[in-house]
Amino acid sequence: MPSITNSKNIYTLAIESSCDDTSAAVLCNDKVLSNIVAGQKVHEEYGGVVPELASRAHQQNIVPVVEMAIKKAGITKEELNCIAFTQGPGLMGSLLVGGSFAKSLSLGLNIPLIAINHMKAHVLAHFIDEEGYDKPTFPFIALTISGGHTQIIKVSSFFDLEIIGETTDDAVGEAFDKSAKILGLPYPGGPLIDKYAQLGNPKAFPFTKPKVDGLNFSFSGLKTNILYFIQKKVAENENFIAENLNDICASIQYTIIEILMDKLKLAVAETGINQITIGGGVSANSGIRNTLKEAESKYGWKTYIPKFEYTTDNAAMIGIVGYYNFLEENFSTSDVVSKARIEF
């Protein structure tokens, strides 16, 4: 394999295929040259991601998406120094498509292969060199919020990340989407709750905040509370949802944000670290982003909110972790296995 020289630019091809988005990116060192994402509309009619359909769509998308990423970056595949790919966590069939492609191309080009933890990539996406965005310094607290994960992570270095709090049941993204489904909103419903919440009164309807010890979260009780509340109100007035949609969404979003902020405040108190970052698909939520920015003046925190395109699943975040692993020569062999669940 080519020797590593820090005197030249390092070109990383990154591949992300953990769920229903096929993404490829090319980075020059820590700067993104291209970040292509192909979504899958096929799942909308099912109200959620269908794993078998997702893996088939990845097979159709992977070659054109990678070709487009390399072309847009203005380089040839022969100039690549390494290939980083999502090893897990995620849907097994989807992961296998990206992993198999990455292994084959790595062997064909005779360049290093680097397996990446998807959730660590959400945390470290903040280190992409992006104009107008500051990078956190170590140590910092990271809140990762997505459809499958809710975690508070203490980040001491690029390779020292410790989960100090996580959900005991459902993830925050699922709480948003299931609440939207209860309200009859189409999938994915989380962004729609955010949209309607901006027009409503966040304190119109009080919902239960689960009591969970320490820095852990629970959202199943909140979902049940919302379901029973809606059922009761609709039984009294069949037009209740339509007449109060903005206020309902605002109240749901307000409660979820309160739950997240209560745990973040506790994490800051326990660790003494007041640098906070967010990552994961739910960090695109405007209410969460605004509340976190307000915390800078309210609590004296320094907060870091990623560029919108780096919040949802994308290959650029895989690439930045790949780049730092390349510098340390943390390479994977071709027998590395994709994993639906992976140790953090």
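Residues numbered from 1 in each chain as written. Predicted model: local features only at pLDDT ≥ 70, side-chain atom pairs only at ≥ 80, totals over all residues. Heavy atoms only, no water.

As recorded in an unreviewed UniProt entry, the chain goes by tRNA N6-adenosine threonylcarbamoyltransferase and comes from Flavobacterium bernardetii. According to UniProt, the comment filed for the chain under the heading Catalytic activity (unreviewed entry) is "L-threonylcarbamoyladenylate + adenosine(37) in tRNA = N(6)-L-threonylcarbamoyladenosine(37) in tRNA + AMP + H(+)". (UniProt positions renumbered as here; feature names shortened; annotations may be inferred.)

Novice: I tried to follow the sheet that holds strand 9 (residues 275-279) on my own but got confused; where do I start?
Specialist: Across a sheet, strands are paired by hydrogen bonds formed along the backbone, either parallel or antiparallel in direction. Spatial ordering of the open sheet is given by 8-7-6-9-10, a layout of 5 strands whose pairing is mixed. One side of each edge strand has no neighbouring strand; the edge strands of this open sheet are strand 8 (160-166) and strand 10 (302-304). Put simply, the sheet's adjacent strands are angled 25 degrees from each other on average, direction ignored. Strand direction decides the pairing type here: strand 6 (residues 140-145) and strand 7 (residues 150-157), joined by 6 bridges, are antiparallel. If you follow isoleucine 145 over to strand 7, its bridge partner there is threonine 150. (Pairing = 2+ DSSP bridges. Helix = DSSP H or I, 4+ residues; strand = E, 2+ residues; numbered from the N terminus. Axes fitted to C-alpha atoms, helices over the stretch in contact; angles between N-to-C directions.)

Novice: When you look at the packing of aromatic side chains in this model, what are you seeing that I'm missing?
Specialist: Any two aromatic rings considered together are summarised by their centre-to-centre distance and by the angle between their planes. One pass over the structure, following the stated rule, counts 15 aromatic pairs. Each ring, one from phenylalanine 127 and one from phenylalanine 158, has its centre 4.8 Å from the other, and the planes form 70 degrees; the classification is edge-to-face. Taken as a pair, phenylalanine 127 in the loop between helix 3 (118-124) and strand 6 and phenylalanine 158 in the loop between strand 7 and strand 8 lie far apart in primary sequence, 31 residues in all. With relative accessibility at 5%, the residue phenylalanine 127 sits in the buried group. On the basis of an interplanar angle of 65 degrees and a centroid distance of 5.6 Å, the ring pair of phenylalanine 205 and phenylalanine 240 is categorised as edge-to-face. Here phenylalanine 205, found in the loop between helix 5 (190-197) and helix 6 (220-236), pairs with phenylalanine 240, found in helix 7 (residues 240-271); they are 35 residues apart in sequence, far enough to count as distant. Side by side, phenylalanine 205 and phenylalanine 240 carry an identical accessibility label, which is buried. One aromatic cluster in this structure is built from Phe127, Phe138, Phe140, Phe158, Phe159, Tyr323 and Tyr324. One Lys or Arg, lysine 120, reaches over the ring of phenylalanine 344 and ends 5.4 Å from the middle of that ring. For the cation-ring pair, lysine 302 lies above tyrosine 304, with the distance from its terminal atom to the ring centre recorded as 5.4 Å. (Phe/Tyr/Trp six-rings, centres within 6.5 Å; stacked < 30°, edge-to-face > 60°. Buried < 20%, exposed > 50% of the residue type's maximum accessible area, 1.4 Å probe, protein only. Lys NZ or Arg CZ within 6 Å of the ring centre and 35° of its normal.)

Novice: Which parts of the structure should I look at to understand helix 6?
Specialist: If you check helix 6, its first and last C-alpha atoms are 25 Å apart, about what 17 residues at 1.5 Å a residue would give, namely 24 Å. For helix 6, the set of buried residues is Leu222, Lys223, Ile226, Phe229 and Ile230. For helix 6, the angular spread of the buried residues around the axis is 130 degrees, confining them to a single face. Facing away from the buried side of helix 6 by over 90 degrees, the exposed positions are Tyr228, Lys232, Ala235 and Glu236. (Expected span 1.5 Å × (residues − 1). Arc of directions from axis to C-beta.)

Novice: Can you help me understand the UniProt feature "binding site: Fe cation" (unreviewed entry) in the chain in this one?
Specialist: Summarizing the sequence annotation, UniProt attributes the feature "binding site: Fe cation" (unreviewed entry) to His118, His122 and Asp313 in the numbering used throughout. These annotated residues cover 196 residues of sequence, and their C-alpha atoms all fall within 8.7 Å of one another, placing them together at a single site. For histidine 122, the position within the fold is in helix 3. What makes histidine 122 buried here is its relative accessible area of 2%. With near-sequence residues (within four places) excluded, histidine 122 lies in contact with Gly279, Gly280, Gly281, Thr311, Thr312, Asp313 and Met317. Inspection of the secondary structure puts aspartate 313 in the loop between strand 10 and helix 9 (315-327). Among residues more than four places away in sequence, those in contact with aspartate 313 are Glu16, Ser18, Cys19, Asp21, Val37, His118 and His122. Polar contacts involving the side chain of aspartate 313 include one to the side chain of histidine 118, which spans 3.1 Å. (Contact = heavy atoms within 4.5 Å. Polar contact = N/O pair within 3.5 Å; in protein donor to acceptor, adjacent residues only side chain to side chain.)

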